[in-house]
Amino acid sequence: MSRSRILPGLLLLSAALPLEAADRWPEWRGTTGQGVSDATNLPTRWSEEENVAWKTAVPGLGWSTPVIADGVVYLTTATHVPASKEEARERQKTTTNSQPLIISDSVSLSVVALDLKSGRILLTREVLTEQNPQMIHIDNSYATPTPVIDNNRLYCHFGPYGTVGLETKTLEVLWTNRDLRVKHENGPGSSPVLWNDILIIHCDGIDQQYIVALDKHTGNVAWKTARSGKLNDEPQLRKSYATPLIVDINSSPVVVSPAADWVYGYDPSTGTELWKLNYGVLGFSNAGRPVAGHGIAYICTGYMKAELLALKFDTSGRPQEIWRYTKQVPNVASPLLVGDELYFASDRGMVSCIDAVTGESLWTERIGSRYWASPICADGRLYFFDKDGTTTVLKPGRRFEQLSQNRLDGELMATAAAVDGSLLLRTDKAVYCLRENETP
């Protein structure tokens, strides 16, 4: 792995959350929110018969990442009742969305707790139900946003269907908020971010677009800020599913918040908009999370043709684009910053490595067919997750070096979680815990 460098004249950005022991995975993309883990002793090879400590089927479907604390794995899941064919045809007429959609009569949203050591289901709690839920994209789920763990509390967001705060030991629901109603049509995607005593959530639908903070103790709205940038006249091009990243800019925390056509900066304590920058290209339905380092924030613009923007911040804290990269940039998956290199996998199976400071292309290789899940770096290795259930393990560096490819049953659309000794993957069939020299 290359040595990280800090260049003169650049402001160092870092995730606002402190780095913790490698036995926790508290939110989407781990402790720092950037997909990099200090976890060690992870496997590089596995199959259905090799290095699988346990495999647990979970009722329903969800693409949320498992989160882990105190030896317990938490995840969200959804079970839906399909609408009749006649009802589905009638509801399809109400939208201009041309994507293949799931149309349901009802949906049940639940939280599941599993024992990290054995995979045994400890608790299952239905937390929300919804009649005639919004239609969702056929590749999505009703339980895609990843929960957040904070000490003995778990916060779960299900897009327009609601947000809940739970006690981790019993999964008792402490509060519920069902006021964040926007029309996604492709289903929920943005994960909540915890900062001090608030949960920060993106709500970017075709009908309204805003960012909101909920009090983590009560679920009440602490602040709410409408997006200010002019959007496309076509409502279907106004939606976004991205997750923000909180970074330190000039020693102050800033919410770096990608949305349709714009990236914004907000004061996390008040929701005040500090700045905004237009992508310069059409960008919507973006689902990745930014990464930051070397005094630069890196933003993927999303559909129609994704581009990667590198934003440097001046002494006033405002961003300036210093370069952009336009080849094989993902629409959905997040980039990964490791040392001096940025890595990302396109929707069509190409993985790229570029210089994080200059934007110079270092290498591009085909490793699979389609990527939705965001990659992670753990135990000094890169893990990329193909929809077909294949994980490709690479050695970080300025030269392409593949260590292994490993296949599990089912589709793999959820980002992995890593803690010391255990790599957790979630397919549409089961949750897997992968460990060296163990079999189910």
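For every chain, the first residue of the written sequence is number 1, and numbering continues from 1 along that sequence. Where local features are concerned, this predicted model is filtered to residues with pLDDT of at least 70; where side-chain atom pairs are given and counted, the filter is 80 or more; whole-chain, interface and lining totals use all residues. Working from all heavy atoms in the structure, the side-chain values ignore hydrogens and water.

K.L.:
What exactly am I supposed to notice about the pairing of strand β22 (residues 296-300) here?
P.N.:
For a regular strand, side-chain orientation follows a simple rule: the groups alternate between the two sheet faces. We call a residue buried when its accessible area falls under 20% of the maximum for its residue type, exposed when it is over 50%, and partly exposed in between, using a 1.4 Å probe and counting protein chains only. Counting from the N terminus, the helices are DSSP H or I runs at least four residues long and the strands are E runs at least two residues long. Counting buried positions over the five residues of β22 gives five, a clear majority of the element. Of the two faces of β22, the one carrying Ile296, Tyr298 and Cys300 and the one carrying Ala297 and Ile299 are both buried. Pairing between strand β21 (residues 291-293) and β22: three bridges, direction antiparallel. In the sheet register, Gly293 faces β22, and the bridge partner there is Ile296. Paired strands, as defined in this entry, are two strands with at least two bridges between them according to DSSP.

K.L.:
What am I meant to see in the sheet that holds strand β15 (residues 209-215) here?
P.N.:
Backbone hydrogen bonds are what pair the strands of a sheet, in a parallel or an antiparallel way. Across the sheet, four strands lie side by side as β13-β14-β15-β16; this open sheet has antiparallel pairing. Edge positions in the sheet fall to β13 (193-195) and β16 (221-226), since each of these pairs with one other strand and no more. Neighbour-to-neighbour, the strand axes of this sheet turn through a mean angle of 25°, independent of strand direction. Where β13 and strand β14 (residues 198-204) come together, three bridges link them in antiparallel fashion. Residue pairing across strands places Val193 opposite Ile200, the latter belonging to β14. Lines fitted to the C-alpha atoms define the axes, with helices restricted to the stretch that makes contact. Angles between their N-to-C directions range from 0 to 180 degrees.

K.L.:
Which parts of the structure should I look at to understand the sheet that holds strand β1 (residues 36-37)?
P.N.:
Overall, mixed pairing links the five strands, which are arranged β1-β29-β30-β31-β32 in an open sheet. For this open sheet the edge positions go to β1 and β32 (402-407), each flanked by a neighbour on one side alone. In terms of strand pairing, β1 meets strand β29 (residues 376-378) through two bridges, oriented parallel. Within β29, the residue paired with Ser37 across the bridge is Ala378.

K.L.:
Just checking my understanding: could you explain the pattern of salt bridges for this structure?
P.N.:
Between side chains of opposite charge, a pair can form as their charged atoms come close. Basic side-chain nitrogens of Lys or Arg form a salt bridge, by our definition, when they fall within 4 Å of a carboxyl oxygen of Asp or Glu. Applying the stated criterion across every chain, the model contains 21 salt bridges. One salt bridge connects Glu130 with Arg178, and the closest N-O pair in it is separated by 2.7 Å. One end of the pair, Glu130, is in strand β7 (residues 121-131); the other, Arg178, is in the loop between β12 (173-177) and β13, and 48 residues separate them in sequence. Residues participating in the shared-partner salt-bridge network are Asp139, Arg370, Lys387 and Glu411.

K.L.:
What's the story with the nonpolar core in this structure? I'm lost.
P.N.:
Soluble, globular proteins show a tendency: their nonpolar side chains are buried together. The nonpolar core is taken to be a set of buried Ala, Val, Leu, Ile, Met, Phe, Trp, Tyr and Cys residues, with the residues joined through side-chain atoms within 4.5 Å. Judged by nonpolar contacts, the single largest core of 35 residues is most densely connected at Tyr383 and Leu424. For this core, the secondary-structure elements that each account for two or more residues are β2 (52-56), β4 (72-82), β6 (104-115), β29, β30 (381-385), β33 (417-419), β34 (422-426) and β35 (431-434). The element contributing the most residues to this core is β35, with four residues. Between two residues, a contact is recorded if the distance between any of their heavy atoms is within 4.5 Å. Those residues in contact with Leu424, other than ones at most four positions away along the chain, are Trp54, Pro66, Ile68, Val73, Leu116, Ala416, Ala417, Val431, Tyr432 and Cys433. Of all hydrophobic cores here, the second largest spans 22 residues; its members include Ala78, Val111, Val127 and Val164.

K.L.:
Even after reading the chapter, I still don't get a negative patch on the surface, so can you show me in this structure?
P.N.:
Residues enter patches when their relative accessible area tops 30% and they take part in no salt bridge; the joining distance is 9 Å for like charges and 5 Å for the nonpolar side chains Val, Leu, Ile, Met, Phe, Trp and Tyr. Here the accessible surface of atoms and residues is derived via Shrake-Rupley with a 1.4 Å probe, and residues count as covered only by protein chains that are part of the display. The charge count treats Lys and Arg as positive and Asp and Glu as negative. His and the chain ends do not count. A charge is said to be at NZ when it belongs to Lys, at CZ for Arg, at CG for Asp and at CD for Glu. On the surface, Asp23, Asp38, Asp70 and Asp420 cluster together into a patch of negative charge. With respect to the secondary-structure elements, Asp70 resides in the loop between β3 (67-69) and β4. Residue classification places Asp70 among the exposed residues on the basis of a relative accessible area of 67%.

K.L.:
Explain the layout of surface pockets here, please?
P.N.:
Any empty space left between atoms is shown by rolling a water-sized probe over those atoms. Residues are said to line a cavity or pocket when one of their atoms sits within 4 Å of a point; the points come from a 1 Å grid over protein atoms alone, cavities being sets where a 1.4 Å probe fits but cannot get out and pockets being open sets with protein on both sides within 12 Å along at least five of seven lines. Grid points are joined across faces, edges and corners, and a volume is the space filled by probe spheres set on the points. Taken as a whole, the largest pocket encloses approximately 660 Å³ of empty space. Around the largest pocket sit 34 residues that line it, and Tyr241, Ser285, Tyr303, Val332 and Trp372 are the ones nearest its centre. When grouped by side-chain class, the residues that make up the lining of the largest pocket number 14 nonpolar, 17 polar and three charged. Amino acid classes used here: Ala, Val, Leu, Ile, Met, Phe, Trp, Tyr, Cys and Pro are nonpolar; Asp, Glu, Lys and Arg are charged; the rest, including Gly, are polar.

K.L.:
What is the right way to look at the environment of Asp379 in this model?
P.N.:
Its location among the elements puts Asp379 in the loop between β29 and β30. In this structure Asp379 comes out as partly exposed when scored by relative accessible area, which is 23%. Ignoring any residue separated from it by four or fewer positions in sequence, one finds Asp379 in contact with Ser37, Ala39, Thr40, Asn41 and Leu42.

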